[in-house]
Amino acid sequence: LQEYQRIFTFLHDADIHQSVTLAPNAIGNYIPMYSDSYLLYAGWAVLHVVPDDELLERFLVQYVDATEEFIQENVSAVRGWGTGRAAAYSNAYGKTVEPIDFIGGTEFIRTALEKHRDVQAHYADYLRKYQVEYIITDALAPDNPRIPGGASIQYRDDRLTIYRL
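Bear in mind the structure is a predicted one, so any value in this text is a computation, not a measurement.

The rules we used
Residues numbered from 1 in each chain as written. Predicted model: local features only at pLDDT ≥ 70, side-chain atom pairs only at ≥ 80, totals over all residues. Heavy atoms only, no water. Core = buried A, V, L, I, M, F, W, Y, C linked by side-chain atoms within 4.5 Å. Buried < 20%, exposed > 50% of the residue type's maximum accessible area, 1.4 Å probe, protein only. Helix = DSSP H or I, 4+ residues; strand = E, 2+ residues; numbered from the N terminus. Salt bridge = Lys/Arg side-chain N within 4 Å of Asp/Glu carboxyl O. Phe/Tyr/Trp six-rings, centres within 6.5 Å; stacked < 30°, edge-to-face > 60°. Lys NZ or Arg CZ within 6 Å of the ring centre and 35° of its normal. Pairing = 2+ DSSP bridges.

A.B. asks: Describe the nonpolar core, listing the residues and the values that go with them.
C.D. replies: Counting residues in hydrophobic clusters, the biggest one holds 27 residues, and the most contacted among them are Leu40, Phe59, Ile71 and Val132. Looking at this core, the elements with two or more residues in it are β1 (20–22), α4 (52–62), α9 (105–121), α10 (123–129) and β3 (132–138). In terms of nonpolar packing, the next biggest core, distinct from the first, is built from 15 residues, Phe8, Phe10, Ile31 and Ile136 among them.

In structure tokens form, the structure reads like this:
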């Protein structure tokens, strides 16, 4: 957490409040706790209060460069499938249950990939739709969001960068 303190100090000192932010999961976990800004998508969350279609759309914006394999492997992030739910289904069905089996299987993947192509083609429009104002990147993160053209650097150090859209 200390490694991200400079992000929260900057957000506070720059008077950035109640803005929608896109960030790698590790940083994103802390944004709602240590600032009054919001995340477009919280990849490690398992409970969401948005409709499934919107959650999928936010997931695809967060991971705009995702592959079909990534979508299949991370389907739990799209539908809040955690170890507790997996264990409950395993107990109920007496076998290992895969999340994809309960959310539409290959049809879900097909639909997600169609939507993904649209998000890729209209990425900036989706950022505007969800009122994303800032994107944070981390030189050490494997899941940095894509930076659209026209974004300006508001903060940069040897590891972290904050862009304003």
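A.B. asks: Give me the pattern of salt bridges: which residues, what numbers.
C.D. replies: Considering all chains together, one arrives at 12 salt bridges under this definition. Measuring nitrogen to oxygen at the nearest pair gives 2.7 Å for the salt bridge that ties Asp138 to Arg159. Here Arg159 lies in the loop between β4 (152–156) and β5 (160–164) and Asp138 lies in strand β3, a separation of 21 residues in the sequence. Side by side, Asp138 and Arg159 carry an identical accessibility label, which is buried. Among the charged side chains, a salt-bridge network with shared partners connects Glu3, Asp138 and Arg159.

A.B. asks: Give me the packing of aromatic side chains: which residues, what numbers.
C.D. replies: Inspection of the entire model under this criterion finds nine aromatic pairs. Between Tyr41 and Tyr63 the ring centres are 6.3 Å apart and the planes differ by 80°, which places this aromatic pair in the edge-to-face class. Of the two residues, Tyr41 is situated in the loop between β2 (38–39) and α4 and Tyr63 in the loop between α4 and α5 (68–73); the sequence distance between them amounts to 22 residues. Given a relative accessible area of 11%, Tyr63 falls into the buried group. Members of the aromatic cluster, each reached through a chain of ring pairs, are Tyr4, Phe8, Tyr30 and Tyr34. When the ring centre of Tyr123 is taken as reference, the NZ or CZ atom of Arg146 above it lies at 5.2 Å.

A.B. asks: Now, about α4: what can you tell me, with residues and values included?
C.D. replies: Across the 11 residues that make up α4, a large majority, eight, are buried. Turning to α4, its buried residues are Leu55, Leu56, Glu57, Arg58, Phe59, Leu60, Val61 and Gln62.

A.B. asks: Residues and numbers for the sheet that holds β1, please.
C.D. replies: Pairing is mixed in the open sheet, where five strands are placed in the order β2-β1-β3-β5-β4. The open sheet terminates on both sides in strands that have one partner only, identified here as β2 and β4. Inspection of the sheet shows β1 paired to β3 by three bridges, in the parallel sense. Each bridged residue has a counterpart across the sheet, and for Val20 the counterpart in β3 is Val132.

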